[in-house]
Amino acid sequence: MTSNRMILAGLLTSAAMAIVAAAPAFAQDGPIKIGVLEDQSGDFAAATTVKVHAIQLAAKEINDAGGIDGRPVELVVYDTQSDNRRYQEFMRRVLQSDQVDVVFAGFSSASREAYRPIVNQFDGLAFYNNQYEGGVCDNNMIVTGAVPEQQFSTLIPWMMEEYGPNVYTLAADYNFGQISAEWVRQIVEENGGTMVGEEFIPLGVSQFGQTIQNIQATEADFVVTLLVGAAQASYYEQAASANISLPMASSVNVGQGYEHKRFTPPSLANMYVTTNYIEEIDTPASKDFVERFHAMFPDEPYINQEAANSYIAMNLYKQLVERAGTTDHDAVRAVLAEGDVCFEGPSGNVCLDPKSQHMSHTIYLAKVNDDHSISFPKVWEDIKPYWLGDAGCDLTKNDPSAQYTPSSPPPAQ
Amino acid sequence: MALFQSIFAMLYQFGDTFAFLVISCAGLAVIFGMMGVINLAHGEFIMCGAYVTASAARAGMPLPMAILSGALVAGIVGMIVERLVIRHFYHRPLDSIIATWGISLIATQGVLIVLGSTMQGVGTPLGSVEVGIRSYSLYRLVLMACALGLLGGLYILFYHSRFGVIARATIQKPQMALALGVDTGRVYGLTFGLGAALAGLAGGLYAPTMTMVPTMGATFIVESFVTVVVGGADIFVGAAPAAAILALIKAGLTAWYGQLFGQIGLLITVILVIRILPGGLSGWIKGTTR
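Residues numbered from 1 in each chain as written. Chains lettered and ligands numbered in written order. Predicted model: local features only at pLDDT ≥ 70, side-chain atom pairs only at ≥ 80, totals over all residues. Heavy atoms only, no water.

A word on the pattern of salt bridges
Inference 1: Across all of its chains, the model carries 23 salt bridges over all chains by this definition.
Inference 2: Here Asp 138 of chain A and Arg 116 of chain A are joined by a salt bridge, their closest N and O atoms 2.9 Å apart. With Asp 138 of chain A in the loop between strand E5 (136-137) and strand E6 (141-143) and Arg 116 of chain A in helix H4 (residues 109-121), the pair connects residues that are 22 residues apart, well separated along the chain.
Inference 3: On the basis of relative accessibility, which here comes to 1%, the residue Asp 138 of chain A falls in the buried class.
Inference 4: Accessibility expressed as a relative area gives 6% for Arg 116 of chain A, which makes it buried.
Inference 5: The salt bridge partner of Arg 92 of chain B is Asp 95 of chain B, with a shortest N-O separation of 2.8 Å.
Inference 6: Residue classification places Asp 95 of chain B among the partly exposed residues on the basis of a relative accessible area of 32%.
Inference 7: Bridged by salt links that share partners, the residues Arg 112, Glu 113, Arg 116, Glu 133 and Asp 138 of chain A form one connected network. (Salt bridge = Lys/Arg side-chain N within 4 Å of Asp/Glu carboxyl O. Helix = DSSP H or I, 4+ residues; strand = E, 2+ residues; numbered from the N terminus. Buried < 20%, exposed > 50% of the residue type's maximum accessible area, 1.4 Å probe, protein only.)

Looking at the domain arrangement of chain A
The extent of an interface is frequently quoted as the accessible surface area lost upon association of the parts.
All names here are of chain A.
Inference 1: You can read the domains of chain A as domain 1 (29-146 + 281-362 + 383-403) and domain 2 (149-250).
Inference 2: Placing a centre on the C-alpha atoms of domain 1 and another on those of domain 2 gives a separation of 30 Å.
Inference 3: Contacts between the two partners involve 16 residues from domain 1 and, on the opposite side, 10 residues from domain 2.
Inference 4: Here domain 1 and domain 2 share an interface that buries about 1100 Å² over both sides, 57% of which is from carbon and sulfur atoms.
Inference 5: Between domain 1 and domain 2 we count zero salt bridges in total.
Inference 6: The element contributing the most residues to the side of domain 1 that touches domain 2 is helix H13 (residues 386-391), with three residues.
Inference 7: Classifying every residue of the side of domain 1 that touches domain 2 gives eight nonpolar, six polar and two charged. (Domains from an automatic or database assignment. Contact = heavy atoms within 4.5 Å. Buried area = accessible area lost by both parts, 1.4 Å probe. Nonpolar A, V, L, I, M, F, W, Y, C, P; charged D, E, K, R; others polar.)

Some words on the sheet that holds strand E9 (residues 222-226) of chain A
Hydrogen bonds between backbone atoms are what pair the strands of a sheet, whose relative direction is either parallel or antiparallel.
Residue and element names in this part refer to chain A.
Inference 1: An order of E8-E7-E9-E10-E11-E14-E15 is seen for the seven strands of this open sheet, with the pairing classed as mixed. On the outer flanks of this sheet lie strand E8 (194-201) and strand E15 (374-383), each paired with one strand and no other. Between one strand and the next, the sheet's axes are offset by a mean angle of 20°, whatever the strand orientation.
Inference 2: Packed onto the sheet, helix H5 (residues 148-163) meets strand E7 (166-172), E9, strand E10 (248-250), strand E11 (271-275), strand E14 (361-368) and E15 and runs at close to 150° relative to E11. (Pairing = 2+ DSSP bridges. Axes fitted to C-alpha atoms, helices over the stretch in contact; angles between N-to-C directions.)

Description of the sheet that holds strand E1 (residues 32-38) of chain A
All names here are of chain A.
Inference 1: Taken in spatial order, the five strands line up as E2-E1-E3-E4-E6 in an open sheet, and their pairing is parallel. The open sheet terminates on both sides in strands that have one partner only, identified here as strand E2 (73-79) and E6. Across the sheet, the mean angle from the axis of one strand to that of its neighbour is 25°, orientation sign disregarded.
Inference 2: Note that E1 and E2 share seven bridges and pair parallel. Among the inter-strand pairings, Glu 38 is bridged to a residue of E2, identified as Asp 79.
Inference 3: Contacting E1, E2 and strand E3 (102-105), helix H2 (residues 45-64) runs over the sheet at an angle of about 170° to E2.

Concerning the packing of aromatic side chains
Residue and element names in this part refer to chain A.
Inference 1: Summed over the entire model, instances satisfying the criterion amount to 25 aromatic pairs over all chains.
Inference 2: Relative to Phe 289, the ring of Tyr 277 lies with its centre 5.7 Å away and its plane at 85°, an arrangement referred to as edge-to-face. With a gap of 12 residues between them, Tyr 277 in the loop between E11 and helix H10 (284-296) and Phe 289 in helix H10 connect regions that are remote in the sequence.
Inference 3: Residue placement shows Arg 112 over the ring face of Tyr 128; its charged tip is 4.9 Å from the ring centre.
Inference 4: The ring of Tyr 258 is capped by Arg 262, whose NZ or CZ atom sits 5.9 Å from the centre of that ring. (Phe/Tyr/Trp six-rings, centres within 6.5 Å; stacked < 30°, edge-to-face > 60°. Lys NZ or Arg CZ within 6 Å of the ring centre and 35° of its normal.)

Side note on the pairing of strand E12 (residues 342-345) of chain A
Residues and elements named next belong to chain A.
Inference 1: Taking every second residue as pointing to the same face, the buried face of E12 carries Phe 343 and Gly 345, while none of Cys 342 and Glu 344 on the other face is buried.
Inference 2: With four bridges connecting them, E12 and strand E13 (residues 348-351) associate as antiparallel partners. Considered in E13, the bridge of Phe 343 is made with Val 350.
Inference 3: Hairpin connection from E12 to E13: two residues lie between these consecutive antiparallel strands.

Some remarks on the packing of H10 of chain A against helix H11 (residues 305-324) of chain A
Residue and element names in this part refer to chain A.
Inference 1: For the pair H10 and H11, interaxial distance at closest approach is 13 Å and the crossing angle is 90°. By the criterion of interaxial angle, the relationship of H10 to H11 is roughly perpendicular. Between H10, through Phe 289, Arg 292 and Phe 293, and H11, the contact on the second element is made entirely by Ala 307, Ala 308 and Tyr 311.
Inference 2: When the residues that make up the contact of H10 with H11 are grouped by side-chain class, the tally is five nonpolar, no polar and one charged. (Parallel < 35°, antiparallel > 145°, perpendicular 65-115°, else oblique.)

Notes on the interface of chain B and chain A
Inference 1: Between chain B and chain A, the contact holds 37 residues from the first and 32 residues from the second.
Inference 2: If you sort the residues of chain B by the area they bury against chain A, Gln 13, Thr 211 and Gln 259 of chain B come out on top, with a joint share of 22%.
Inference 3: In this structure, the connection of chain B to chain A is made through five residue pairs in polar contact (both at pLDDT 80 or more).
Inference 4: When contributions to the side of chain B that touches chain A are tallied by element, the ones reaching two or more residues are helix H1 (2-34), strand E1 (128-131), strand E2 (134-137), helix H10 (235-257) and helix H11 (259-276) of chain B.
Inference 5: Counting residues per element, the side of chain B that touches chain A draws most heavily on H1 of chain B, at five residues. (Polar contact = N/O pair within 3.5 Å; in protein donor to acceptor, adjacent residues only side chain to side chain.)

Remarks on helix H9 (residues 218-231) of chain B
Residue and element names in this part refer to chain B.
Inference 1: Compared with an ideal rise of 1.5 Å per residue, which puts 14 residues at 20 Å, H9 spans 20 Å between its outermost C-alpha atoms and is within 8% of the ideal.
Inference 2: Every buried residue of H9 is listed here: Thr 219, Phe 220, Ile 221, Glu 223, Ser 224, Phe 225, Val 226, Thr 227, Val 228, Val 230 and Gly 231.
Inference 3: One or two residues past the end of H9 sits Gly 232, with phi positive at roughly 90°. (Expected span 1.5 Å × (residues − 1).)

Topic: the state of the cysteines
Inference 1: Here the structure, examined in full by the defined rule, presents two disulfides over all chains.
Inference 2: Through a disulfide, Cys 342 of chain A is tied to Cys 351 of chain A; the S-S separation comes to 2.0 Å. Since a negative S-S torsion denotes a left-handed disulfide, the Cys 342 of chain A-Cys 351 of chain A link at about 105° is right-handed.
Inference 3: Overall, the relative accessible area of 25% leaves Cys 342 of chain A in the partly exposed class.
Inference 4: The connectivity of the disulfides in chain A is 1-4, 2-3, where the numbers refer to bonded cysteines in sequence order.
Inference 5: No disulfide involves Cys 48 of chain B; its sulfur sits 19 Å from that of Cys 146 of chain B, the nearest cysteine.
Inference 6: Cys 146 of chain B takes part in no disulfide bond, and the closest cysteine sulfur to it belongs to Cys 25 of chain B, at a distance of 15 Å. (Disulfide = S-S within 2.5 Å.)

Here's the deal with a nonpolar patch on the surface
Residue and element names in this part refer to chain B.
Inference 1: There is a patch of nonpolar side chains on the surface, built from Trp 256, Tyr 257, Leu 260, Phe 261, Ile 264, Ile 268, Leu 272 and Ile 276 and spanning about 900 Å² of accessible area.
Inference 2: Of all elements in the fold, only H10 and H11 reach the threshold of two or more residues within the nonpolar patch.
Inference 3: Tallying contributions element by element places H11 first for the nonpolar patch, with six residues.
Inference 4: Judged by relative accessible area, which is 71%, Trp 256 ranks as exposed. (Patch = residues over 30% accessible without salt bridge, like charges linked within 9 Å, V, L, I, M, F, W, Y side chains within 5 Å. Areas by Shrake-Rupley, 256 points an atom, 1.4 Å probe, with all protein chains shown as cover.)

So, the environment of Lys 33 of chain A
Residue and element names in this part refer to chain A.
Inference 1: Examined against the element boundaries, Lys 33 turns out to sit in strand E1.
Inference 2: Judged by relative accessible area, which is 24%, Lys 33 ranks as partly exposed.
Inference 3: Considering only alpha carbons, one finds Lys 33 and Pro 165, 132 residues apart in sequence, at a separation of 51 Å.
Inference 4: Excluding its chain neighbours within four sequence positions, the residues that come into contact with Lys 33 are Glu 74, Val 76, Asp 98, Gln 99, Val 100, Asp 101 and Val 102.
Inference 5: Within polar-contact distance, the side chain of Lys 33 engages the backbone oxygen of Asp 98 at 2.9 Å.

Printed below as a string of C-alpha cells:
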C-alpha cells in the first residue's frame, strides 16, 4: 500500500515536472521575462544600484522600440542585499516560480559562485555584468565584464614603460585579490620586470602604517592596488598623508566605486585604472548614453562600468533572441557560437567570444588627476578575452562549468 | 644615521599601533572594564563620533572643535541609550550583549538608510615629514600625543577628582555609595556617557584617516576588546600596558611577516592571556604588588 502510494506520488511528480518543463513553449507569445538580482542595499549598494537603473533604461528603450521580436520585456527585480544567501534564494525563485527566460545577476565573485550552481541545476541562462578575476568556463553563463587579461595586459606593461620595472602589489586576501595578484605577477615577469613586494591584506583591515613603510623601504616604481571594501579604502588617505608619491595602478577603483568622487582630493591622485567604461569618457556615444541615463534617473550619483555592461548585455540578449527566433537557451547559444554577436554601445564596439562566452572591450586608461578629475592618456580598442580560449576552454564543444586560474588551467584535452 | 632612521621607523610604527589601541579602547575600558557592561555597540559610538566630526568639519568648523563636538554628541547619545536601555541590564551581563548588539545593528542600518552607503570624508591635515628615505604623516604623530594626553587626562579624572572617587566608589560598592548619599543612578549614567564620549573621540580623531561608511566602527572593535580583555578591569595598570605590549607584538609581526600575522599574533596573545592570567594584566600586577 505504502509503496503503491509512493509510486503514484512519483508519477504525479514527474507528470508535474513535465508540465513545468513544457510551460515555456506555451508562453512564447507572452512578455519576455528577465530576472534582475542586484544589490540595492548592504555593503555593495553604492556601486550596484546603478546596474538596476541601467537595465531599466535598456528595457524601456527596447519596449519603446517594439520589444524583443515583437514581445515586450518584463523585469522581475529582487534586492539581494549584498548577501550571498539571498542570491541563492532569489535565483531559485526567479528560475522556478517566476520562470524567467534569462537572469542578470551578481556583483562580487563570491555572490556569483554562490548562485552559479543553481543556474546550472535548472539549466538557466545568466549574464554576469561585472569585471572579475576571470576564468569562468560555463555554458550557462555569459560574462560582459572585463577580465584580467583585458585589464592587466594593457595596464601593467604601460605602467612599466612609463614608470619603471619594479612593482609592488597590495591585494585583498581572498579569491579576487589572490587570483588578480597572480595575473599581475605573471605579466610583470613576462615583460622583464621585478616584483619588489607583494602583500595580502585581510578584509576589514583599516590601518596601513606598516604597509606604507614596507613600500617605502623597497625600490618600487609603482604600486598595484587591488584593495576591496570600505575598510581597505582607508589606505589611499593614509598613503597620501604619509606622502608616498608613487603612482598607483588598479583594476578595481574608479570604474566601480567612483572613489575619485567620494574621497577628498588629492588622496587618489596619480592613480591609473583600466576600465571599459566610466561616465567621463568623452565620445559621442558615451555622452549620448549619459544624457539618456540622466533623463530617466536625474539623481544618479555615477554611471560606472557595470552600468554600461548591464545596458550592453540587455541589447546583446535582444540580438541573440531575435536572431534565434526563440528564448530557448540552446538556440541562443547556437547564435552566440556563430561568433559575430556584436553591439555598438556606449563604450564602443563589443563582441561576444563563442569559446568562453566572455566579451571583447575597448579598454580606457583612466588617470586620476590632483583635483580628482579624470583624463585618458591611452585607449586600447578591441581587447579580446583571449585567455580562457587559449587555455583550452571551448564552450562550443563541451561545458565543464568550472572556474580556472593561471595556476590551475583547464585540463589538457 | 641609517641606524637612527630605522630606529625612528620602528618607534613610529610602535607609537602608531599603541595610539590606535589606546584611543580605540579607552571608551570600552570605562564601559566594559570598569562598569562590566559588554558593549557591542562600542563601534557604533565610534562611528557616531566620526560622522559628526566629518559633517562639522565640512560645514566649516575647525577640525579640533569638530572632533570635540563628535565626542560630545556621542557622549549625549550614550547617556540617552544608558537611560533607556543599558540601565536595565547592569546585573545581566549576558543580556546586555544582546541588547547592545541590537543597538549596534539598528545604528548601522539606520545610518545606511538615512545617510546612504558612504559619506565624503575630511582629508588628513598637516601633511608629512621626511626622515631619511621615508616620509611620515604628521597627523599620526599628533594621534600618538593624543593617546598619551588621553591617558593622563583620564588618570587625573579618576584619581584626582571628586567625580572619579565617587564613580569608582559607586562601581566597586554600589550599596555603600548609595548609603553615603551618592545618586548612583546618575553616576552610572555619567560614567557610561563618558565611555561613549571617549568612543566618539576615537571616531573623531581617526575620521580624517579613514573611509566614512556606516560599518566603520567594526574595524575598531576587535582591537578594542582585545586590549581591554588583556588589560583587565583597570585602565591605567591594565589597558595602558596591555596596549603597549600588544602594539609591540602587532607592529613587530606586521613588519616581519605582513598584516595577516600581525592580526594572528594579536589574537593568540589574548588566548594565552585569558588562559594564564584570567584577571588580565591589571589583576596580575595588583596581585604581585600586594
